[in-house]
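# Observations on chain architecture
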Amino acid sequence: MRAIRAPCIVQGMRVRMKDIATDLGLSVVTISKVLRNHPDISEETRARVLKRVHDLDYQPNILARSLVTGRSYLIGLIVPDLIHPFFAEIAKAISRVIRPRGYSLIISSSDEDAGLELLEIRQLLARQLDALVIASTAMSGDHLSQLRKHGQPYVLIDRNFPGTLSNFVGVDDVAAGRIATEHLIRAGCRRVAHIRGRKNSTGEGRLKGYKQALQHHRLPYSMDYVISSTSVDTNSRQQGAEAMRVLLQRGLRPDGVFCYNDPLAIGAMDAILDAGLRIPEDVAIIGCGNLHYDSALRIPLSSIDQHSHIIGRRAAEIALDLIGAKEQPPVRSVVLEPALVIRSSTRIPANTGSNNKPLKITPARKHSQKRTSRS
């Protein structure tokens, strides 16, 4: 009598790649190539394998693959706040790029605490992540030496450290501050205030652009019109409202306000309206980030578009290049040109159309990419 071979896959047991290979009469290498979308496989074989993988709900053993390849297939993202829409959009863009390459994203928050950021970096290093993407809240780049010491690939986003040779993707913050302030001035504002960011590259850059615009239009700069917040990425709306209330108590209140980011601007708008003032007739206001929640606002907010999706995409591409490089590639710095998006919160010139229709104005110079080599 002919012996009946027992099935190699038993219901309730964890399915292995080896089991699928035996079940289909194929090699483990062939199964692996199909799962990695390798082109050296016939369409018929690919279809057979994928159908069996689907039927069995097969889940690859990432740990086993890591032991063979030396990679965790994980990329870490450290941001100041998990709720901030700007960083959420960046995370989404990163995931879209790395997912087809078999990578997953681990997201961690520093809560705008440099000490907590360093702790998160150490914990992610212990997990042996393949690369890190960091929107740092630190005032200096000293903590990055730990990453370089361990040979850890990393990319800075949004915030950079002058004098530190690090891969970076972000917007031209000086231009962002200048464009926002000039828009308020051209809209008729003469007492332009600034609710500024922290003393890092983004905060200092946007403040510098604000000052440049005032100087160019021969308007005085007054420290009374510049308000600092204790935090700009966490509790932002509350911080913006508190800063605006301080500005409204000035002897000569501002008639225009440029806010470091959109959440601060939304809080400032709340304070203006609560004081019985009109936007933009009494106080015009503009933010930075161009985040997508205008339908939730009483007055649509003018803003500076930082191209968050491009920042995420380019950061992911650089991270993957660093992971796959046999030799350390030159340091890359990608600096994007900001764009003005006009809505109802600023005085719109008559030739720009309806107050309720967003008008996006991109500078003539396109997105710039600056490259520097590691010395």
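Below you will find a few notes about this structure. (Residues numbered from 1 in each chain as written. Predicted model: local features only at pLDDT ≥ 70, side-chain atom pairs only at ≥ 80, totals over all residues. Heavy atoms only, no water.)

### A closer look at the overall build of the chain
The criterion, for reference: Only DSSP runs of H or I with at least four residues qualify as helices, and only runs of E with at least two residues qualify as strands; both kinds are numbered from the N terminus onward. Relative accessible area decides the class of each residue, using a 1.4 Å probe on protein chains only: under 20% of the type maximum gives buried, over 50% gives exposed, and in between gives partly exposed. Two residues qualify as a contact provided that any one of their heavy atoms is within 4.5 Å of a heavy atom in the partner residue.
Each helix and strand in the chain was counted, giving 12 helices and 14 strands. Counting only residues that meet the buried cut, the chain has 52% of its 375 residues in that class. For the chain, restricting intrachain contacts to residue pairs at least 6 apart in sequence, the fraction spanning at least 24 positions comes to 68%.

### A few points about the pairing of strand S5 (residues 168-171)
Put simply, the test is: A pair of strands is labelled paired if DSSP reports no fewer than 2 bridges between them.
A two-sided burial pattern is seen for S5, the buried positions comprising Phe168 and Gly170 on one face and Val169 and Val171 on the other. By the bridge criterion, two bridges tie strand S4 (residues 154-157) to S5 in an arrangement that is parallel. The partner of Leu156 across the bridge, within S5, is Phe168. Relative to strand S11 (residues 332-336), S5 runs parallel, the two sharing four bridges. When the sheet's bridge partners are listed, Val169 is paired in S11 with Val334.

### As for the packing of aromatic side chains
Spelled out, the test is: Between 30 and 60 degrees the pair is tilted, below 30 it is stacked and above 60 it is edge-to-face, where a pair is any two Phe, Tyr or Trp rings, Trp via its six-membered ring, whose centres lie within 6.5 Å. The rule is short: NZ of Lys or CZ of Arg within 6 Å of the ring centre and within 35 degrees of the ring normal puts a charge over the ring.
Taken as a whole and assessed by the stated rule, the structure comprises three aromatic pairs. Ring centres of Phe86 and Phe87 lie 5.2 Å apart, and the angle between their planes is 70°; this geometry places the pair in the edge-to-face category. The pair formed by Phe86 and Phe87 is uniform in burial state, with each residue classed as buried. Taken together, a centroid distance of 6.3 Å and an interplanar angle of 70° make the contact between Tyr210 and Tyr221 edge-to-face. Pair noted here: Tyr210 is in helix H9 (residues 201-216) and Tyr221 is in the loop between H9 and strand S7 (226-228), with a separation of 11 residues, a long-range link. The class of Tyr221 is partly exposed, set by a relative accessible area of 37%. The ring centre of Tyr260 lies 4.5 Å from the NZ or CZ of Arg206, which sits over that ring.

### Regarding unusual backbone geometry
The peptide bond linking Ile279 to Pro280 adopts the cis configuration, its omega dihedral lying at 5°. Of note, Pro280 is situated in the loop between helix H11 (262-274) and strand S9 (284-286). The backbone of Gln128 shows a phi angle near 60°, a positive value even though the residue is not glycine. Within the element layout of this structure, Gln128 appears in the loop between helix H6 (114-126) and strand S3 (131-134).

### Considerations on a nonpolar patch on the surface
The condition is simple: Patch membership requires over 30% relative accessible area and the absence of a salt bridge. Like charges are linked within 9 Å, and nonpolar side chains (Val, Leu, Ile, Met, Phe, Trp, Tyr) within 5 Å. In these tables, accessible area is a Shrake-Rupley quantity obtained with a 1.4 Å probe, and a residue counts as shielded only by the protein chains included in the view. Definition used for salt bridges: Asp or Glu carboxyl oxygen within 4 Å of a side-chain nitrogen of Lys or Arg.
A cluster of nonpolar side chains, namely Leu82, Ile83 and Ile107, defines an oily patch on the protein surface of about 320 Å² accessible area. Position of Ile107 relative to the elements: it lies in strand S2 (residues 104-109).

### So, the sheet that holds S9
The following threshold applies: Whenever a helix is involved, its axis is fitted only over the stretch in contact; in every case the axis is a line through C-alpha atoms, and angles between N-to-C directions fall within 0 to 180 degrees.
Spatial ordering of the open sheet is given by S7-S6-S8-S9, a layout of four strands whose pairing is parallel. Only two strands of the sheet have a single partner each, and these edge strands are S7 and S9. Adjacent strand axes in the sheet meet at a mean angle of 15° when their direction is disregarded. As paired strands, strand S6 (residues 192-196) and strand S8 (residues 256-259) are joined by four bridges and run parallel to one another. Bridge pairing in S8 places Val192 opposite Gly256. Strands S6, S7 and S8 of the sheet are contacted by H9, whose axis makes an angle of about 175° with S6. Strand contacts of helix H10 (residues 236-248): S6, S7 and S8, with the helix running at about 145° to S6, the strand carrying the most contacts.

### Remarks on the packing of helix H1 (residues 17-24) against helix H2 (residues 28-35)
Short version of the rule: Angles below 35 degrees are treated as roughly parallel, those above 145 as roughly antiparallel, those between 65 and 115 as roughly perpendicular, and all remaining angles as oblique. By definition, turning the near helix anticlockwise from the far helix through less than a right angle yields a left-handed crossing, and turning it clockwise yields a right-handed one. Note that Gly is not counted as nonpolar here; it falls among the polar residues with everything else outside the nonpolar set of Ala, Val, Leu, Ile, Met, Phe, Trp, Tyr, Cys and Pro and the charged set of Asp, Glu, Lys and Arg.
H2 packs onto H1 with a crossing angle of 110° between their chain directions and a minimal axis gap of 8 Å. As judged from the angle between their axes, H1 and H2 are roughly perpendicular. The element H1 and its partner H2 pack so that their crossing is right-handed. In this structure, H1 uses Met17, Lys18, Ile20, Ala21 and Leu24 to contact H2, whose residues at the interface are Val28, Ile31, Ser32 and Leu35. Here the residues of the contact of H1 with H2 sort into seven nonpolar, one polar and one charged.

### A few points about empty space enclosed by the protein
So the rule is basically this: In this analysis, the protein atoms alone were mapped onto a 1 Å grid. Cavities are point sets where a 1.4 Å probe fits without being able to get out; pockets are open sets with protein on both sides within 12 Å along at least five of seven lines; lining residues have an atom within 4 Å of a point. Grid points are joined across faces, edges and corners, and a volume is the space filled by probe spheres set on the points.
Across all of its chains, the model carries one cavity of 30 Å³ or more by this definition. Lining the largest cavity are His84, Phe86, Phe87, Asp158, Arg159, Arg206, Asp233, Tyr260, Asn261, Cys288, Gly289 and Gln306. Within the lining of the largest cavity, the residues separate by chemical class into four nonpolar, four polar and four charged.

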